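# Commentary on secondary and tertiary structure
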Amino acid sequence: MSITLKHSGQKMPLVGFGLWKVPTDSCADTVYNAIKVGYRLFDGAQDYGNEKEAGEGVRRAIADGLVKREDLFITSKLWNTFHSKDHVLEMTEKSLADWGLDYFDLWLIHFPIAQKYVDPAVRYPPNLLFDADAGTMEFEDVPISETWAEMEKAVELGFAKNIGISNFAGALIIDLLRYAKIPPAVLQIEHHPYLTQPQIIALAEQRGIAVTAYSSFGPQSFLELGHPLAKSVGLLLEADLITTIAKAHGKTPAQVLLRWATQRGIAVIPKSNNPQRLAENLNHIDFDLTPEELEKISALNVGLRFNDPADWPGKIYIFA
Ligand code: NAD
């Protein structure tokens, strides 16, 4: 199952594997095993600090004849400190070199936030804080139009087959589409039953932009980060509605949460370090939820955003 991307016409798998918080010491094996299980899309980022290891897993799988490069769909994301025209292309090349690839299938702007440049020779990945001891962030006045023009050059130079955006809100997307020579192929957003975001999904659909949902299990991913609401809100994977629907279909709660997105044409990129869950997440498309079930799950929406730069030390209100 895949989504055909506008502009390039390339097919993007509907289910992929997310690389955030995959530890460096096991990342190469995790990626290799995920390919063996059948994953073809990997969602990485400069910020995840494991691009070299993920690339090692990919190279090993190709060397062992499990897949060819063209069978895979590799996504990475430009970090906030590299938005300036002086850095986008050199950092695209750095990420490609880390992965050991000639091109990305999808290259995203991670956040519409331009932070002060950090020399990768000094600190890489740069992380959120400019000064870790003081706990402070620093910013740069780089408009998205400047960054996008460089992303377009990455396509022209063959570094990326598709370019896209992540964590962008509606007005910024509408403005980007006014000047983009290459429109964004994909919008990656936080999307789960506690944060359904119907309007931005409608906007993406209206403008031919594919949507990828991240953090499909809602609070689960943010528990380990000590997010204050992740525990108190109640786990989606344990919610009565989700477990009841799962039982009715003979599926797991995780499969129900993923199917709620993919059945509506939204791609998912769940992350797991556990081989059994890895397979369970990939193989969740062989059943359909009823329209009533889809609606009931969507009705769990409380507008709860776990990944919000308003909560970062710099308090950046990109979703205001
Ligand atoms: P996720 O929703 O995939 O949840 C991961 C958590 O769920 C982990 O604790 C894992 O152990 C658990 N889990 C996985 N499969 C399970 C199963 N079958 N049953 C029970 N528990 C299971 O969370 P995520 O990692 O936040 O999001 C997925 C991916 O999205 C990331 O790895 C990353 O690639 C991407 N992402 C992008 C952004 C962005 O800003 N663009 C932000 C967050 C995540």
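Heads up: the structure comes first, above all this text.
Residues numbered from 1 in each chain as written. Predicted model: local features only at pLDDT ≥ 70, side-chain atom pairs only at ≥ 80, totals over all residues. Heavy atoms only, no water.

Once that is clear, we can look at the sheet that holds strand 4 (residues 41-43). Strands sit in the order 3-4-5-6-7-8-9-10 across an open sheet of eight strands; the sheet is parallel. Looking at the sheet topology across the chains shown, the edges are occupied by strand 3 (17-18) and strand 10 (267-268). Bridge count for strand 5 (residues 73-78) against strand 6 (residues 104-109) is four bridges, and the pairing is parallel. Paired with leucine 78 across the two strands is isoleucine 109, which belongs to strand 6. Sheet contacts for helix 3 (residues 88-99): strand 4, strand 5 and strand 6; angle to strand 6, the most-contacted strand, approximately 135 degrees. (Pairing = 2+ DSSP bridges. Helix = DSSP H or I, 4+ residues; strand = E, 2+ residues; numbered from the N terminus. Contact = heavy atoms within 4.5 Å. Axes fitted to C-alpha atoms, helices over the stretch in contact; angles between N-to-C directions.)

Time to look at the site of the ligand. For the ligand, the set of nearby residues contains 28 residues, the closest of which are Asp43, Ser166, Ser215, Ser221 and Asn281. One of the backbone nitrogen or oxygen atoms of leucine 19 is found 3.3 Å away from an oxygen atom of the ligand. Between the ligand and aspartate 43, the relevant distance is 2.6 Å, taken from an oxygen atom to a side-chain nitrogen or oxygen of the residue. Burial of the ligand by the protein amounts to 94% of the accessible area it has alone, namely 830 Å². Here the shell around the ligand takes three residues from helix 11 (residues 275-282), the largest share from any one element. In terms of residue class, the shell around the ligand is made up of ten nonpolar, twelve polar and six charged. (Near = heavy atom within 4 Å. Polar contact = N/O pair within 3.5 Å; in protein donor to acceptor, adjacent residues only side chain to side chain. Areas by Shrake-Rupley, 256 points an atom, 1.4 Å probe, with all protein chains shown as cover. Nonpolar A, V, L, I, M, F, W, Y, C, P; charged D, E, K, R; others polar.)

It is worth spelling out the environment of alanine 248 at this point. For alanine 248, the location among the structural elements is in helix 9 (residues 240-249). On the accessibility criterion, alanine 248 (63% relative accessible area) is exposed. Separated by 169 residues in sequence, alanine 248 and tryptophan 79 place their C-alpha atoms 42 Å apart. (Buried < 20%, exposed > 50% of the residue type's maximum accessible area, 1.4 Å probe, protein only.)

Note on placement: isoleucine 182 falls in the loop between helix 5 (170-179) and strand 8 (186-190). Separated by 29 residues in sequence, isoleucine 182 and lysine 153 place their C-alpha atoms 9.7 Å apart. Sequence-distant contacts of isoleucine 182, that is, excluding residues within four places in its chain, are made with His7, Trp148, Glu152, Val155 and Ile163.

Moving on, we get to the nonpolar core. Ranked by size, the top nonpolar core spans 100 residues in total, and within it Met12, Leu19, Phe42, Trp99, Ile173 and Leu187 carry the most contacts. Looking at this core, the element that brings in the most residues is helix 10 (residues 253-262), giving six residues. Among all residues touching tryptophan 99, those that are not within four sequence positions of it are Leu19, Phe42, Gly44, Glu51, Ala54, Gly55, Val58, Arg59, Ile74, Thr75, Ser76 and Phe104. (Core = buried A, V, L, I, M, F, W, Y, C linked by side-chain atoms within 4.5 Å.)

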